[in-house]
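If you want the building blocks of each chain, they are given just below.
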Amino acid sequence: MKSLIVCVSTSHGNTRRVAERMAEVLGAEVVEPESVDPEALRQYDLVGFGSGIYYMAVDDRLRKLIRRLPDVADIRAFTFFTSGARGIPLLNYHKPVRKRLEAKGFEVIGSFSCRGFDTVGPFGFIGGINRGRPNDHDLDRAAAFAAHMRKRVGGSAAAS
Ligand SMILES: Cc1cc2nc3c(=O)[nH]c(=O)nc-3n(C[C@H](O)[C@H](O)[C@H](O)COP(=O)(O)O)c2cc1C
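Each value, and the rule that gives it
- Along each chain, numbering runs from 1 in the same order as the chain's sequence is written.
- Given that the model is predicted, a residue must reach a pLDDT of at least 70 before its local features are reported, and side-chain atom pairs must reach 80 or more before they are shown or counted; all residues, however, enter totals for whole chains, interfaces and linings.
- With hydrogens and water stripped out, all remaining heavy atoms of the structure feed into the side-chain values.
- One heavy atom within 4 Å of a molecule or strand is enough for the residue carrying it to be called near that molecule or strand.
- Polar contacts here mean pairs of N or O atoms no more than 3.5 Å apart (in protein, one a potential hydrogen donor and the other a potential acceptor; neighbouring residues in sequence count only if both atoms are side-chain atoms).
- Computed with a 1.4 Å probe, the accessible areas rest on the Shrake-Rupley method; for each residue, only the protein chains presented here act as cover.
- Here a helix means four or more residues in a row that DSSP labels H or I, a strand means two or more in a row labelled E, and each is numbered from the N terminus.
- Throughout this entry, Asp, Glu, Lys and Arg are counted as charged residues, while Ala, Val, Leu, Ile, Met, Phe, Trp, Tyr, Cys and Pro are counted as nonpolar. The remaining residues, Gly among them, count as polar.
- Side-chain atoms within 4.5 Å are what join buried Ala, Val, Leu, Ile, Met, Phe, Trp, Tyr and Cys residues into a set we call a nonpolar core.
- Burial classification: accessible surface area is computed with a 1.4 Å probe over protein chains only, and a residue below 20% of its type maximum counts as buried, one above 50% as exposed, and the rest as partly exposed.
- Contact between two residues is taken to exist if any of their heavy atoms lie within 4.5 Å; hydrogens are not considered.
- UniProt positions are given in the numbering used here, feature names are shortened, and annotations may be inferred rather than shown by experiment.
- Think of the arc as the fan of directions from the helix axis to the C-beta atoms.

1. Notes on the site of the ligand
Stage number 1. Around the ligand sit 20 residues, and of these Ser9, Thr15, Ile53, Tyr54 and Thr82 come closest.
Stage number 2. A distance of 2.7 Å separates an oxygen atom of the ligand from a polar backbone atom of histidine 12.
Stage number 3. One nitrogen or oxygen atom from the main chain of methionine 56 is found 2.7 Å from an oxygen atom belonging to the ligand.
Stage number 4. For the ligand, whose free accessible area comes to 640 Å², the fraction covered by protein is 88%.
Stage number 5. Those elements that provide at least two residues to the shell around the ligand are α1 (14–26), β3 (46–54) and β5 (76–83).
Stage number 6. By residue number, the principal contributor to the shell around the ligand is β3, which donates three residues.
Stage number 7. Within the shell around the ligand, the residues separate by chemical class into seven nonpolar, 12 polar and one charged.

Structure (structure tokens):
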């Protein structure tokens with residue numbers, strides 16, 4: 001099973017840490033959107049798309065990549081996010097990305113999210129919120145999620 005993880009993590013590397021942990025489980029490479037050759041994506045069985053949440057949205061670099069992708073078939077995908085605030089149904093970051101991916105032909109089979117250390121705006125004055133997040137528990141959850149994704153695609157137990 002061949003997997004790739006695309007990740008935008010501009011603030012504290014929170015989302016990147018989640019991506020790296022998932023990548024260990026999947027035996028995947030973690031890349032930035034600009035490094036993705038859209039046509040070459042067809043060779044993967046599973047692609048993860050992740051971003052920190054910035055001003056209530058995923059990073060535009062991720063959206064731009066998805067726009068550039070060709071129509072695909074038989075590729076599973078998942079999304080993942082880290083954010084300062086707890087996720088609430090009203091602000092569903094997964095749904096719009098899922099819809100864009102599905103419009104390209106991906107089968108989106110899951111989404112993961114957790115809190116991330118956040119020093120934006122006024123939080124910076126108080127030393128930030130969610131210090132230490134993602135923590136070991138978050139990263140273990142990310143690993144378990146990745147293992148579940150791997151199982152859904154039918155991949156054999158890859159690295160760790
Ligand atoms: C410019 C900026 C805007 C942000 N806006 C939001 C937001 O609207 N909602 C939220 O929950 N967190 C927000 N955050 C917090 C980030 O989502 C959180 O710190 C995330 O873990 C950052 O991931 P990263 O370290 O991978 O970039 C914002 C952070 C930055 C730097």
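Here the narrative resumes, following the displayed structure.
2. Considerations on the nonpolar core
Soluble globular proteins tend to bury their nonpolar side chains together.
Stage number 1. Val6, Leu41, Val47, Phe49, Leu101 and Phe106 are the most contacted members of the largest nonpolar core, which totals 24 residues.
Stage number 2. Of all the secondary structure elements, the ones that give two or more residues to this core are β1 (3–8), β3, α2 (60–68), β5 and α3 (94–103).
Stage number 3. Residues within four places of valine 6 in sequence aside, it is in contact with Val31, Glu32, Pro33, Val36, Val47, Gly48, Phe49, Gly50, Leu62, Leu65 and Phe80.
Stage number 4. Core analysis: the next-biggest nonpolar cluster, separate from the first, contains 23 residues, Ile5, Ala28, Ile109 and Leu139 among them.

3. Here we look at the UniProt feature "domain: Flavodoxin-like" (unreviewed entry) in the protein chain
Stage number 1. Mapped onto this numbering, the UniProt entry gives "domain: Flavodoxin-like" (unreviewed entry) at residues 4–150.
Stage number 2. Across residues 4–150, the secondary structure splits into 32% helix and 24% strand, with the terminal C-alpha atoms separated by 12 Å.

4. Considerations on unusual backbone geometry
Stage number 1. Geometrically, the link from arginine 133 to proline 134 is a cis peptide bond, its omega value of -5 degrees lying close to zero.
Stage number 2. For proline 134, the position within the fold is in the loop between β6 (107–115) and α4 (136–153).
Stage number 3. The residue methionine 56 is not glycine, and still its phi comes out positive at about 65 degrees.
Stage number 4. Here methionine 56 shows up in the loop between β3 and β4 (57–58).
Stage number 5. Residue methionine 56 is classed as exposed on the basis of its relative accessible area of 59%.
Stage number 6. Of note, asparagine 130 is a non-glycine position whose phi angle comes to about 60 degrees, a positive value.
Stage number 7. Here asparagine 130 is to be found in the loop between β6 and α4.

5. Quick notes on α2
Residues three or four positions apart in an α-helix share a direction because the helix packs 3.6 residues into each turn.
Stage number 1. Among all positions in α2, only Leu62, Leu65 and Ile66 are buried. Across the axial projection of α2, the buried residues extend over an arc of 100 degrees, all falling on one side.
Stage number 2. For α2, the elements touching its buried residues are β1, β3 and α3.
Stage number 3. Capping of α2 at its N-terminal end is provided by aspartate 59; its side-chain oxygen lies 2.8 Å from the backbone amide nitrogen of arginine 61.

6. Observations regarding the environment of methionine 22
Stage number 1. With respect to the helices, strands and loops of the structure, methionine 22 is situated in helix α1.
Stage number 2. Methionine 22 gets classed as buried once you look at its relative accessible area, which sits at 0%.
Stage number 3. Taking the C-alpha atoms as reference points, methionine 22 and valine 72, 50 residues apart in sequence, are found 23 Å from one another.
Stage number 4. Methionine 22 has contacts with Ile5, Phe78, Phe80, Phe112, Ala142, Phe145 and Ala146, leaving out every residue within four places of it along the chain.

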